[in-house]
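One letter stands for each residue in the lines below.
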Amino acid sequence: MLKDFYDSVEERGFLHQTTDSSGVRKLLSKKTTGYIGFDCTSDSLHVGSLLPLMLLRLFQKCGHKPIILVGGGTTLIGDPSGKDETRKILQKTDIESNKKKLKNIFKKFLSFDKSKENCAEIVDNYEWLSKLNLISFLRDIGSKFSINKMLSLESIKQRLGREQHLSFLEFNYSLFQAYDFLILNQKYNCKIQFGGSDQWGNIVSGIDLVKKEKNSQVYGLTSPLVTTSSGKKMGKTAEGAVWLDESKFSITNFWQYWRNTSDDDVIKFLKLFTEIKISEIKKFKNFTGAELNKLKVILANEVTTLCHGLEKSKRIEMESNNIRKSEQIDSEVINKCE
């Protein structure tokens, strides 16, 4: 299974770019440890976070050890990536509450069975960021960074280019994320960081820091930011974000969100958000009409099962079928009366 991970990442559409494709392939040919970071800005993740979760799930299924880094520390700062304005500064109590709820989501996708060598682990960067001494950090870590290079980071460049406010706090975010990679490399021998394409600059900064501090080679792999065929960012509806927590977004609406996937996106989403074999998905390529609608139901069932369990997924599908049959009967009655 080890050799399957990189090929699967390419085949299923998870791959945007790597810092060294041949080096990453070689690294992944043996058991290794990799991580993705999630800040605790909310008490739930939305479907935009499904892709990194599915990537880590595949990583573990292929025999590797996944680390989820929750940003108890970096959430106090705020990642400027992809944002037009400064994130709301949260209190520690809010972050702690969010962190506990996020852990319940992570457990649906990864195995934390301690008896397994590659069991997933959740670590919090507050553990080391909260203990930093400013003078020591600036001397030991800050001295390794170039302001010129930091200004060229996409997240910084965009905000400055639009003449939008960028706080000194946010400007330092990439230092702390880079430091996270260094600590995870030291403590867990973590060799690769995954993230969205908007995290490329931060990931490269971490790789450079590990090289300078430990003279060690580590890697980065980014995934595309998923958009629909219409070009819209995935996970948004007229009502707002599509959350993974059923208390914030009902399972019925969640199932329906995937059932309403556009024809052009079905195959793409089956590859990214289900575990159906690629060989099977290839058979669906030329499906149209009613066959394509059946695929949308399969997509809705598969994703809902992953996020909310098989029992709830089956119940929602049954309710949806009953509603559809009822509507057909009502339509027939109306037609007969005309």
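Since this is a predicted model, take the numbers as computed values, not measurements.

Q: Could you give me a rundown of the overall build of the chain, with the residues and numbers involved?
A: Within the chain, the secondary structure is distributed over 16 helices and eight strands. Here the C-alpha radius of gyration of the chain, 22 Å, is about what a compact globule of 338 residues would show, namely 20 Å. Counting the 338 residues in the chain, one finds 48% classified as buried. Considering only contacts in the chain between residues 6 or more positions apart, those separated by 24 or more positions represent 79%. Summing over all exposed atoms, the chain offers an accessible surface of approximately 17,500 Å²; the carbon and sulfur share of this is 50%. With 52 positive and 42 negative side-chain charges, the chain shows a separation of 5 Å between the mean positions of the two kinds.

Q: Could you give an account of the sheet that holds strand β6 (residues 219-223), naming the residues involved and the relevant values?
A: Strands sit in the order β1-β6-β5-β2-β3-β4 across an open sheet of six strands; the sheet is mixed. Looking at which strands have only one partner, the edges of the open sheet turn out to be β1 (17-18) and β4 (121-124). The sheet contact formed by strand β2 (residues 33-39) and strand β5 (residues 192-196) spans two bridges and is parallel. The residue bridging Gly-34 from the neighbouring strand is Ile-192, located in β5. Where helix α11 (residues 200-214) meets the sheet, it contacts β1, β5 and β6, and its direction lies at approximately 170° from that of β6.

Q: Any details on the packing of aromatic side chains? Residues and values, ideally.
A: In this structure the tally under the stated criterion is 13 aromatic pairs. Ring geometry for Phe-38 versus Phe-106: centroids 5.1 Å apart, planes at 50°, classification tilted. Note that Phe-38 is positioned in strand β2 and Phe-106 in helix α4 (residues 92-109), a separation of 68 residues in sequence. This pair shows no difference in class: Phe-38 is buried, exactly as Phe-106 is. Arranged with centres 5.3 Å apart and planes meeting at 85°, the rings of Tyr-257 and Trp-258 form a pair that is edge-to-face. Both residues of the pair, Tyr-257 and Trp-258, belong to the buried class. Among the aromatic residues, those joined into a ring-pair cluster are Phe-254, Tyr-257, Trp-258, Phe-269 and Phe-273. Positioned above the aromatic ring of Trp-243 is the side chain of Lys-248, whose terminal nitrogen or guanidinium carbon lies 4.6 Å from the ring centre.

Q: Requested: an account of the environment of Glu-11, with residues and values cited.
A: Tracing the backbone shows Glu-11 in helix α1 (residues 4-12). A relative accessible area of 41% means that Glu-11 is categorised as partly exposed. As for Glu-11 and Leu-225, which are separated by 214 residues in sequence, their C-alpha atoms are 16 Å apart. When residues no more than four places from it in sequence are discounted, the contact partners of Glu-11 are Lys-271, Ile-278 and Lys-282.

Q: Now, about the confidence of the model for the chain: what can you tell me, with residues and values included?
A: For the chain, the average pLDDT comes to 89, and 90% of its residues sit at 70 or higher. Every residue in residues 328-338 is under pLDDT 50, and counting partners more than four places away or in other chains gives zero contacts.

Q: How would you explain the pairing of strand β3 (residues 65-71) if you had to name every residue and give the values?
A: With seven of seven residues buried, β3 is to be regarded as a mostly interior element. Judged by which residues are buried, β3 turns out to be covered on both faces: Lys-65, Ile-67, Leu-69 and Gly-71 on one side and Pro-66, Ile-68 and Val-70 on the other are all buried. Bridge count for β2 against β3 is seven bridges, and the pairing is parallel. When the sheet's bridge partners are listed, Tyr-35 is paired in β3 with Ile-67.

Q: Quick rundown of the nonpolar core? Include the residues and the values.
A: Membership of the largest hydrophobic core comes to 65 residues, with the highest contact counts inside it found for Trp-258 and Phe-273. Look past the residues within four positions of Phe-273 in its chain and what remains in contact with it is Leu-50, Leu-51, Met-54, Val-226, Met-234, Trp-258, Val-303 and Leu-306. Grouped together as the second largest cluster of nonpolar side chains are 30 residues, Tyr-35, Leu-69, Phe-145 and Leu-209 included.

Q: Please provide a residue-by-residue account of the pattern of salt bridges, values included.
A: Inspection of every chain in the model, using the stated rule, returns 17 salt bridges. One salt bridge in this structure joins Arg-25 and Asp-7, with 3.1 Å as the shortest N-O distance. Of this pair, Arg-25 sits in helix α2 (residues 21-28) while Asp-7 sits in helix α1, and the two are 18 residues apart along the sequence. We classify Arg-25 as partly exposed; its relative accessible area is 37%.

Q: Account for the side chain of Arg-12, naming residues and giving values.
A: Secondary-structure assignment places Arg-12 in helix α1. One buried charge, Arg-12, has no salt-bridge partner; the nearest side chain with opposite charge is Glu-11, at 6.7 Å. Only 2.9 Å separates the side chain of Arg-12 from the backbone oxygen of Thr-274, close enough to count as a polar contact. Sequence-distant contacts of Arg-12, defined by excluding residues within four places in its chain, comprise Leu-270, Lys-271, Leu-272, Thr-274, Glu-275, Ile-276, Lys-277, Ile-278 and Ile-281.

Conventions used here
- Residues numbered from 1 in each chain as written.
- Predicted model: local features only at pLDDT ≥ 70, side-chain atom pairs only at ≥ 80, totals over all residues.
- Heavy atoms only, no water.
- Helix = DSSP H or I, 4+ residues; strand = E, 2+ residues; numbered from the N terminus.
- Rg over C-alpha atoms; globule rule 2.2 N^0.38 Å.
- Buried < 20%, exposed > 50% of the residue type's maximum accessible area, 1.4 Å probe, protein only.
- Contact = heavy atoms within 4.5 Å.
- Areas by Shrake-Rupley, 256 points an atom, 1.4 Å probe, with all protein chains shown as cover.
- Lys, Arg positive; Asp, Glu negative; His and termini not counted.
- Charge placed at Lys NZ, Arg CZ, Asp CG, Glu CD.
- Pairing = 2+ DSSP bridges.
- Axes fitted to C-alpha atoms, helices over the stretch in contact; angles between N-to-C directions.
- Phe/Tyr/Trp six-rings, centres within 6.5 Å; stacked < 30°, edge-to-face > 60°.
- Lys NZ or Arg CZ within 6 Å of the ring centre and 35° of its normal.
- pLDDT = per-residue confidence, 0-100.
- Core = buried A, V, L, I, M, F, W, Y, C linked by side-chain atoms within 4.5 Å.
- Salt bridge = Lys/Arg side-chain N within 4 Å of Asp/Glu carboxyl O.
- Polar contact = N/O pair within 3.5 Å; in protein donor to acceptor, adjacent residues only side chain to side chain.

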